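# Descriptive structure summary
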Amino acid sequence: MNHVDVAVVGGGPAGTAAAERAADEGADVVVFEKGVPRADRDRLGPDSTDAAGFLNYWVDIAQLDVEELPEGVVQRELNAAEFIGPEESVVVDRTGIDSTYEGFGFTFQRARFDDWLRERAQEAGADYRVGDSVLDVETDLSDGHEHTLTLSNGEEWTADYVVLADGPQRRITIPVLDSFLPEDKPASERLSPPETNHIAYQEYRKFPEGALEQDRIKFWWGWMPGETAYPWVFPNADNVARVGLTMPIGMDIDDFEKGDYRLLREDDDAIPKGAEYIRRLLEELYGDEYDVEEDFPVVEEGYGKSKGTETYSISSTRPIDSPTDAGIAVVGGAMGTTSAFHEGGDHVALRTGKLAGELAALGELDAYNDAWKDAIGDEILRNVAIADVVEEYGPGEWDTTFRVASKMLDAADSGKILTRQNASVGVDGLRLYKDYKQAKFRYRKGKYVQLREAEYRY
């Protein structure tokens, strides 16, 4: 039987970052990644699906040196993000948070980024095994903690520490956590992927010359129903853009007034599929000038997983603590840090992975739950609070918010956007500021954690 110091389940950003940091600290590390085929990768690799953008301060959260990225990873430098409601819109040209990265942000090619992370982990000494899925993890706590991992090829591996980085589907994470939780409060119910995740869909579309704004990412809020449901456009290189959307799983169209949403039709008898939503969005934006299917073709060669399209899950839950006394850390999407609200979360995935890998290698994993809160707690608190504020928003509320946000940006001389002074632009601004501050207060001191360390039983 093979034995390592640290076994990592999942080879995405969080898992690979954990492997690199653990190997850097001298640990014997193996990464198990089931592997998926992609047209933009020459080999099997992780399920590299994301809108794939970095804001400036996310670079610091991720502890990422952008200058080290190989050619082709960064696709477009961004100057702004545009948020578009049914009638109102706002262009945000700053994050209001100090950062070492001088620009507003950038889009990047996720598969190339993941391949670069993998190469760094391997150079540090980690063993990266793609094509071997982990089927089961059993933990023996009779003398410290030792874990036995059973692979799809029949092999068994043991490890002193396990880092679970299997993404928002949590295929391995959920049964592992269930073994440390009371039977009446299982993770399989509290973190069930169909109930706690959003579904995301994207297409790689070639835009006509001049039709794509290359310097900004765009989001359309209040155009489709559902909590944190919205389409978006991320510019790539060569007039190709990722046009996609996120929405909750399992919505019933009868719960919504069809006439309120620009992407619904009166004869819809179910929530439209992702591809139909994208077609309708492009028709709304460009149909008067272009033939969408002819002039905005899906780029099938060399992009994505299925002829230029991708479907994937994004965690929309609040984060969880890990059963660190058992020598287990949960990171990235499996941990619930990749939020549907802020479109992914590679930055927090990288940071949590690095922390877990380093602490496991040093035999100090018991510090992990406090360490990740210190490192990304402010970012998680912001996202959880804002998502809480806008949970029940419909088209009208989004228009009001964007109208107020424009005024607040004009008043933001200091660079910070959501402040008490900026909110004085009017009653709606003060209400937005009050709601946000109250939400932050509710989740203060780590109360945004939905499964706490004290709940685990050993």
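Whatever comes next refers back to the structure up there.
Analysis parameters
Residues numbered from 1 in each chain as written. Predicted model: local features only at pLDDT ≥ 70, side-chain atom pairs only at ≥ 80, totals over all residues. Heavy atoms only, no water. Helix = DSSP H or I, 4+ residues; strand = E, 2+ residues; numbered from the N terminus. Rg over C-alpha atoms; globule rule 2.2 N^0.38 Å. Buried < 20%, exposed > 50% of the residue type's maximum accessible area, 1.4 Å probe, protein only. Contact = heavy atoms within 4.5 Å. Core = buried A, V, L, I, M, F, W, Y, C linked by side-chain atoms within 4.5 Å. Domains from an automatic or database assignment. Pairing = 2+ DSSP bridges. Phe/Tyr/Trp six-rings, centres within 6.5 Å; stacked < 30°, edge-to-face > 60°. Lys NZ or Arg CZ within 6 Å of the ring centre and 35° of its normal. Axes fitted to C-alpha atoms, helices over the stretch in contact; angles between N-to-C directions. Salt bridge = Lys/Arg side-chain N within 4 Å of Asp/Glu carboxyl O. Parallel < 35°, antiparallel > 145°, perpendicular 65-115°, else oblique. Left-handed = near helix turned anticlockwise from the far one by under 90°. Nonpolar A, V, L, I, M, F, W, Y, C, P; charged D, E, K, R; others polar. Expected span 1.5 Å × (residues − 1). Bend = angle between axes of the 7 residues up to and from the residue.

As a further point, take the overall build of the chain. Looking only at helices and strands, the chain features 13 helices and 17 strands. Its C-alpha radius of gyration of 22 Å places the chain within 12% of the 23 Å reference for a compact globule of 458 residues. Considered along the principal axes of its C-alpha atoms, the chain spans approximately 65 × 50 × 45 Å. Looking at the chain residue by residue over its 458 residues, the buried ones come to 57%. Relative to all contacts within the chain whose residues are 6 or more apart in sequence, the contacts with residues 24 or more apart total 70%.

Judged by nonpolar contacts, the single largest core of 110 residues is most densely connected at Val 6, Val 29, Phe 54, Leu 64, Phe 113, Leu 149 and Tyr 368. Sorting elements by how many residues they give to this core places helix α11 (residues 368–389) first, with nine residues. The residue makeup of this core includes at least three contributed by each of domain 1 (2–76 + 105–194 + 316–385 + 450–455) and domain 2 (198–313).

Let's shift gears to the pairing of strand β5 (residues 80–84). The buried fraction of β5 amounts to four of the five residues, a majority that puts the element mostly inside the structure. As defined by bridge partners, β5 adjoins strand β13 (residues 216–220) across five bridges and the pair is classed as parallel. Counterpart to Ala 80 in the pairing with β13 is Arg 216. Here β5 runs beside strand β6 (residues 89–92); their pairing, made up of four bridges, is antiparallel. Bridge pairing links Ala 81 to Val 92 in β6. Between β5 and β6, which pair antiparallel and follow one another directly, the connecting turn spans four residues.

In this section: the packing of aromatic side chains. In the structure shown here, the tally under the stated rule is 29 aromatic pairs. Ring geometry for Phe 207 against Tyr 286: centres 5.9 Å apart, planes inclined by 90°, an arrangement best described as edge-to-face. With Phe 207 in the loop between β12 (197–206) and β13 and Tyr 286 in helix α7 (residues 274–286), the pair connects residues that are 79 residues apart, well separated along the chain. Grouping residues by exposure puts Phe 207 and Tyr 286 together as buried. Taken together, a centroid distance of 4.8 Å and an interplanar angle of 35° make the contact between Tyr 286 and Phe 296 tilted. You can see Tyr 286 sitting in helix α7 and its partner Phe 296 sitting in the loop between α8 (292–295) and β16 (309–315), a full ten residues away along the chain. Residue Tyr 286 is classed as buried on the basis of its relative accessible area, which comes to 17%. A network of ring pairs unites the aromatic residues Phe 83, Phe 219, Trp 221, Tyr 230, Trp 232, Phe 234, Tyr 393, Trp 398 and Phe 402 as a single cluster. The side chain of Arg 262 reaches across the aromatic face of Trp 223, ending 4.1 Å from its centre. Residue placement shows Arg 444 over the ring face of Phe 441; its charged tip is 3.7 Å from the ring centre.

Here the focus is the sheet that holds strand β7 (residues 105–108). Strand order in this open sheet of three strands is β3-β7-β4, and the pairing throughout is antiparallel. Sheet topology places β3 (53–55) and β4 (74–78) at the edges, where each strand pairs with a single neighbour. Recorded for the sheet is a direction-independent mean angle of 20° between the axes of neighbouring strands. Pairing geometry for β3 and β7, over three bridges, is antiparallel. Residue pairing for β7: Gly 53 is matched across the bridge by Thr 107.

In this structure the tally under the stated criterion is 30 salt bridges. Across the pair Glu 82 and Lys 218 runs a salt bridge whose closest N-O atoms are separated by 3.8 Å. Here Glu 82, found in strand β5, pairs with Lys 218, found in strand β13; they are 136 residues apart in sequence, far enough to count as distant. Note that Arg 280 and Asp 268 form a salt bridge whose closest N and O atoms lie 2.8 Å from each other.

Attention now goes to the packing of helix α10 (residues 346–361) against α11. Contact geometry of α10 with α11 gives a least axis separation of 10 Å together with a crossing angle of 160°. In terms of orientation, α10 and α11 fall into the roughly antiparallel class. With respect to the hand of their crossing, α10 and α11 are arranged in right-handed fashion. Contacts between α10 and α11 involve His 347, Val 348, Arg 351, Thr 352, Leu 355, Ala 356 and Leu 359 from the first element and Tyr 368, Ala 371, Trp 372, Ala 375, Ile 376 and Glu 379 from the second. Looking at the contact of α10 with α11, its residues break down into nine nonpolar, two polar and two charged.

Taking 1.5 Å per residue as the helical rise, α11 with its 22 residues ought to reach 32 Å, and the 29 Å between its terminal C-alpha atoms agrees with that figure. Where α11 bends most, at Ile 376, the angle is about 70°.

Within a sheet, adjacent strands bond to each other through the backbone by hydrogen bonds, running parallel or antiparallel. With respect to topology, seven strands assemble into an open sheet ordered β6-β5-β13-β14-β15-β12-β16, the strand pairing being mixed. Looking at which strands have only one partner, the edges of the open sheet turn out to be β6 and β16. Pairwise comparison of adjacent strand axes, ignoring direction, gives a mean angle of 20° for this sheet.

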